[in-house]
Amino acid sequence: IEDRQGALLGATIADDGQWRFPNTYHVPEKFRDCIITFEDKRFFYHPGIDLLALLRAVKQNLSSGETVSGASTITMQVIRLSRNQNRNLYQKFVEGLLALRLELSYSKNSILALYASNAPFGSNIVGLEAASWRYYGRSPDKLSWGETAALAVLPNAPSLVHPGKNRNLLLQKRNQLLYKLQSAGKIDSTTRSLAMLEPLPEAPLPIPQLAPHLLQRFKKKSSPASSTRVRTTLRENLQSGITRIVEQHHRHLKGNGIGNICALVVEVES
């Protein structure tokens, strides 16, 4: 649930145990630049399959004798996320065909939004918005270049690289991406140097819970066909201020065995 301006008031975990926010249609510019630079630099120019990347991957795999590059475009990765099939040559071929069809039906920005909303970001976190709140406690559009770059490299290997382990590998991948962003002209050398000094996220942070009763009310009333993102009439700053006042009074009262407390807010002038 959100306040009247769109600020996050609270969220509950999905029934399958994943932190997954509703699909978003807006991808912050920083994340767009990071994920395209890291995953699919010709994203805006290919029809869903990048033939140049495919030829390079075949050459690399043959020379090394093992699979070192998959050449999957962001569009193909969206298809793979939607199908959840075993990875082999046949499924790769099917993904390519479906990627071509997806490109005919959706804009590039829409495909990028589908990827950002459904990509795995390590542990039980799915989607950019959930990852931003769990790892940094802020919405994606408020992240720095270093923070955004760290998130952008996670979907590439979420089971191997995430903030809970292999931190040196995560740091290496993030810094490599920052160098690529500088080479691509997305950031300057000063921005890159400062971003490399930023720390990696620690353990996942709790999601804000400023209106837990209202959140549970909406959850009980929701149906499979209804949206799971609700914009309320609450004001985040007023709600958080009242919560602090109530908690202060409750600390004094609970010594007398008072376990519950509530507040009624009125405009006294009228």
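Position numbers for residues start from 1 in each chain and track the written sequence from start to end. Given that this is a predicted model, residues contribute local features only at a pLDDT of at least 70 and side-chain atom pairs are listed and counted only at 80 or more, while totals for whole chains, interfaces and linings are drawn from all residues. For the side-chain quantities, the full set of heavy atoms in the structure was used; hydrogens and water were omitted.

Trainee: How do you make sense of the overall build of the chain when you look at a structure like this?
Mentor: Scanning the chain from N- to C-terminus turns up 11 helices and 2 strands. In the chain, the order of α-helices and β-strands from amino to carboxyl end is β-α-α-α-α-α-β-α-α-α-α-α-α. When its C-alpha atoms are laid out on the principal axes, the chain stretches across 75 × 45 × 35 Å. Under the scheme applied here, a residue whose accessible area is under 20% of the maximum for its type counts as buried, over 50% as exposed, and between as partly exposed, the area being computed with a 1.4 Å probe on protein chains only. Sorting the 270 residues of the chain into buried and exposed places 40% on the buried side. Only heavy atoms matter for contacts: two residues are in contact if any of them lie within 4.5 Å across the pair. Long-range pairs, those at least 24 residues apart, make up 62% of the contacts in the chain with a sequence separation of at least 6. Values of accessible area rely on a 1.4 Å probe in the Shrake-Rupley scheme; residue burial ignores everything except the protein chains shown. When the accessible area of the chain is evaluated, it comes to approximately 16,300 Å², of which 54% is carbon and sulfur surface. Positive charges come from Lys and Arg alone, negative charges from Asp and Glu alone, with His and the N- and C-terminal ends not counted. Charge positions come from single atoms, namely NZ of Lys, CZ of Arg, CG of Asp or CD of Glu. Within the chain, one finds 34 positive and 22 negative side-chain charges whose respective centroids are separated by 4 Å. Strands here are runs of E lasting at least two residues and helices are runs of H or I lasting at least four, both read from the DSSP assignment and numbered beginning at the N terminus.

Trainee: For this particular structure, what's the right way to read the side chain of Arg80?
Mentor: Relative to the helices and strands, Arg80 is located in helix H3 (residues 74–83). Taking relative accessible area as the criterion, Arg80 reaches 19% and is therefore assigned buried. Apart from the residues lying within four places of it in its own chain, the contact partners of Arg80 are Ser72, Arg87 and Glu95.

Trainee: Hey, could you run me through the packing of aromatic side chains in this one?
Mentor: The geometry of an aromatic ring pair is captured by the separation of the ring centres together with the interplanar angle, meaning the angle of the planes. When two rings of Phe, Tyr or Trp (its six-membered ring) have centres within 6.5 Å they constitute a pair, described as stacked for plane angles under 30 degrees, edge-to-face for angles over 60, and tilted for the intermediate range. Taken as a whole, this structure holds 2 aromatic pairs when the rule is applied. Criterion for a charge above a ring: Lys NZ or Arg CZ within 6 Å of the ring centre, and within 35 degrees of the ring normal. Across the ring face of Phe43, the terminal group of Lys108 is positioned such that the distance to the ring centre comes to 4.6 Å.

Trainee: Explain the pattern of salt bridges to me, please; I cannot follow it from the model alone.
Mentor: Note that side chains of opposite charge can pair when their charged atoms are close. By definition here, a salt bridge exists when the distance from a side-chain nitrogen of Lys or Arg to a carboxyl oxygen of Asp or Glu is within 4 Å. Counted according to the given criterion, the structure contains 12 salt bridges. Put simply, Arg80 and Glu95 hold a salt bridge, and the shortest N to O gap is 4.0 Å. Placement of the pair is Arg80 in helix H3 and Glu95 in helix H4 (residues 89–105), with a sequence separation of 15 residues. We note that Arg80, like Glu95, is buried.

Trainee: I keep staring at the packing of H3 against helix H5 (residues 108–118) and nothing clicks. Help me out?
Mentor: Helix-helix packing is characterised by the crossing angle of the two axes and by the distance between the axes. Here the axes come from fitting lines to C-alpha atoms, over the contacting stretch only for helices, and the angles between their N-to-C directions go from 0 to 180 degrees. Running from N to C, H3 and H5 point in directions that differ by 50°, and their axes come no closer than 9 Å. Here H3 is positioned oblique relative to H5, judged by the angle of their axes. Of the two possible hands of crossing, H3 and H5 adopt the one that is left-handed. Residue-level inspection shows Ile74, Thr75, Gln77, Val78 and Leu81 of H3 in contact with H5, the latter providing Ile111, Leu112, Leu114, Tyr115 and Asn118. Class assignment of the residues belonging to the contact of H3 with H5 gives a composition of 7 nonpolar, 3 polar and no charged. Roughly parallel here means an angle under 35 degrees, roughly antiparallel means over 145, roughly perpendicular means 65 to 115, and every remaining angle is called oblique. Crossing handedness: left-handed means the near helix sits turned counterclockwise from the far one by under a right angle, and right-handed means the same turn made clockwise. Residues are sorted three ways: Asp, Glu, Lys and Arg are charged, Ala, Val, Leu, Ile, Met, Phe, Trp, Tyr, Cys and Pro are nonpolar, and all the rest, Gly among them, are polar.

Trainee: I would appreciate a short explanation of helix H7 (residues 145–152) in the present structure.
Mentor: Because the α-helix completes a turn every 3.6 residues, residues three or four places apart line up on one side. Taken across its 8 residues, H7 has 8 buried, putting it largely inside the fold. Looking at the packing, one finds that the buried side of H7 touches helix H1 (29–39), helix H6 (128–136), helix H8 (167–183) and helix H9 (189–196).

Everything listed here is a matter of coordinates, which is why it stays silent on function.
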